[in-house]
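Each chain, written out:
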Amino acid sequence: MKELDYTAKDITILEGLEAVRKRPSMYIGSTGPRGLHHLIYEVIDNSIDEALAGYCKKIEVYLLSDGSVRVVDDGRGIPVENVPNYGCTAVEIVLTKLHAGAKFGGSGYKVAGGLHGVGLSVVNALSEWLEVEVRRDNKKYRQRFERGEPVSPLKECGFINSRGTTITFLPDSLIFEETHINEEIVCQRLKEMAFLNKGLYLTLIDQRLKEEKRYEFCFNGGIIDFVKHLNANKDPIHEKVIYFESQAKDMHLEVAMQYNDGYLESIYSFANDINTQEGGTHLSGFKAALTRTINDYTRAKGFLKEKEENLSGEDTREGLAAIISIKLKNPQFEGQTKTKLGNTEARSFVEAVVSTKLREFLEENPNEARLIVSKILNATRARQAARKARELVRRKSFLETTTLPGKLADCACQDPSKAEIFLVEGDSAGGSAKQARDRHFQAILPLKGKILNVEKARINKILSSQEIQAIITALGTGVNEDFNLSSARYHKAIIMTDADVDGAHIRALILTFFYRYMQPLIEAGFVYIAQPPLYRLQYDQTVRYAYSEKEMSELLKEVDQKKGITIQRYKGLGEMNPTQLWETTMDPKRRTLLKVTIEDAIMADEIFSILMGDKVEPRREFIQRHAKDVRFLDI
Ligand code: 0RA
């Protein structure tokens, strides 16, 4: 415990947990569903740290029937000794002092960083109660806290011959807007952790319903299995996943990659198990090495002639599914969401390893190499042709022109920060919306049925689709590398579709397009989903709306059945008259909008790929599974 020597750096330790309860968002991002799930991630991350240090093989997460969450690991157990100068046990320090966790544990890779790494004390502060059990030295110890304060000292309570830590906590309903934990999100995270930590056993046990549900994840192939999973609904062009790993002094790198016959790249980078959504040095090292190595190989083998221009980086990544996972001693996380790796030594390390190992792979596997190179050459040719076509029409292209689409009913307001655009399914709903809107700041763009399926087409084809062109022109931002957020004509792009499966599909199509070609628009928080009601209830002079089946059954319970209620079920937006549409869905004072976020690009990619990809079976399964759950994309 000598690392506990007091230094100026540790002053923050003095900051009380009231600060956390006063401003929870500063520590966990938000008090919405995201923040709630971060609590669980934080607790799991501590157990993952034990796994990274090599002491923990198994982590179990329970969603208990009283709404609490339990995380059990078989690590070394949090130290129970008294810590000099603090007058309390290490367990208590870890659970009550901000940022104290990092002070223990000493060497080894830590998950600390990114959105997590705030420490168990933050979880404790934001829980109605938290109980910790430590198994160490053949003994069990327990302590309980309420809203961050210990209500009992750490007590010895029996013998046990295993080691580990169990943390059980109930997220505080005074802090969180909603305390329901979504098991799919937790599952996703556990699965990701299982991929990234080969052989680690992760289990989710959901005991909230009558029937217990168990999900178990353990991948002996690690990130090789991760890449197979990314390509599961696609067609790989070579059978074996390319894999290499390398250990340097303070860094460990693993890379797995496989090309599919599609056009999109699904490359995900991780640093100490944090999904570095903003990329960083490890990712740029990988990209640089890939571009250079493929170019060198292609030239050396004569596939690319001397006078031909180099293959672009983008071309070498077309249809590539890859995972780059680096573990390093002192990760520096930068960027807006602290998910960009900053360590410069990571760039040169990754670049050197990937160059060497990829060259070896290509030399040793000429058949695979030929398949990959020919795919990339195709990509280059297609892109060059598209570029020529684009340059020809550029001057009068829709990307530059100011002619707005004819179907757009624009708003009067010129200030983008006040203006909104509704992307409305179908001409008839579009008509109602035009009558319903406040034309001062609300614009309406009706869209015909299903817009082009963007995953199956290359960019030039996508850009030539009329519906997509209308969206791009109306928004005013351009796409891809031409995208410019500051020229957005509206700061709210609201997708308004029917509350049925078709509506969900159209919404997924539009979101796919935004996700793939206007990602910064989502990141800026400019994309929303409108929430039209499912039912209208009328009794006496009162009109009430229900936006979900649950709300409907609650409403029915609430109003007296005898009074003669008229119930209308809306099958589509078209069944609402303009007044109803305004009252329920468009009026800023009364509507609810869901902001679309890219919480987890992998989940989105998976959903989009399943929904949009060529394979019919997984798509049907998915749609059936989510048919009732029209909000499946909301988190
Ligand atoms: C500090 C030091 C040691 C382990 C831990 C903390 C630890 C924390 C958590 C939180 C959840 N599970 C955990 N497991 C371990 C090292 C203890 C030693 O050297 O024996």
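None of these values were measured; they are calculated from a predicted model.

Asks: If you had to explain helix H6 (residues 183–196) to someone new, which residues and values would you point to?
Replies: With 14 residues, H6 should reach 20 Å at 1.5 Å per residue; the first-to-last C-alpha distance of 20 Å fits that figure. Taking burial as the measure, the 14 residues of H6 include 13 buried ones, the bulk of the element.

Asks: Explain the packing of aromatic side chains to me, using residue names and the numbers behind them.
Replies: Any aromatic ring pair is given by two values, namely how distant the centres are and how the planes are angled relative to each other. Tallied over the entire structure, the rule returns 5 aromatic pairs. When the ring of Phe226 is compared with that of Phe270, the centres are 5.9 Å apart and the planes differ by 45°; the resulting orientation is tilted. Residue Phe226 is located in helix H7 (residues 223–230), and its partner Phe270 is located in strand E14 (residues 266–271); the two are separated by 44 residues in the primary sequence. Of the two residues examined, Phe226 and Phe270, each falls in the buried class. Where Phe513 meets Tyr517, the ring centres are 5.9 Å apart and the plane angle is 35°; that geometry is what we call tilted. Taken together, the residues span about one helical turn, with Phe513 and Tyr517 both in helix H15 (residues 501–517) at a distance of 4 residues. By relative accessible area, Tyr517 is classed as buried at 8%. Feature note: the residues Phe195, Phe219, Phe226 and Phe270 constitute an aromatic cluster, connected by ring pairs. Taking NZ or CZ as reference, Arg189 lies 5.0 Å from the ring centre of Tyr41, over its face.

Asks: Could you give me a rundown of the sheet that holds strand E15 (residues 274–275), with the residues and numbers involved?
Replies: In space, the 5 strands of this open sheet follow the order E12-E13-E16-E14-E15, with mixed pairing throughout. Both outer strands of the open sheet, strand E12 (242–247) and E15, are each paired with one neighbouring strand and no more. Direction of pairing for E14 relative to strand E16 (residues 320–328): parallel, over a ladder of 6 bridges. Residue pairing in the sheet places Ala271 in a bridge with Ile326 of E16. Strands in contact with H7 are E12, strand E13 (251–259), E14 and E16; relative to E16, the strand with the most contacts, it is inclined by about 150°. Of the strands in this sheet, E13, E14 and E16 touch helix H8 (residues 281–300), which is tilted by about 130° from E16.

The rules behind each value
Residues numbered from 1 in each chain as written. Predicted model: local features only at pLDDT ≥ 70, side-chain atom pairs only at ≥ 80, totals over all residues. Heavy atoms only, no water. Helix = DSSP H or I, 4+ residues; strand = E, 2+ residues; numbered from the N terminus. Expected span 1.5 Å × (residues − 1). Buried < 20%, exposed > 50% of the residue type's maximum accessible area, 1.4 Å probe, protein only. Phe/Tyr/Trp six-rings, centres within 6.5 Å; stacked < 30°, edge-to-face > 60°. Lys NZ or Arg CZ within 6 Å of the ring centre and 35° of its normal. Pairing = 2+ DSSP bridges. Contact = heavy atoms within 4.5 Å. Axes fitted to C-alpha atoms, helices over the stretch in contact; angles between N-to-C directions.

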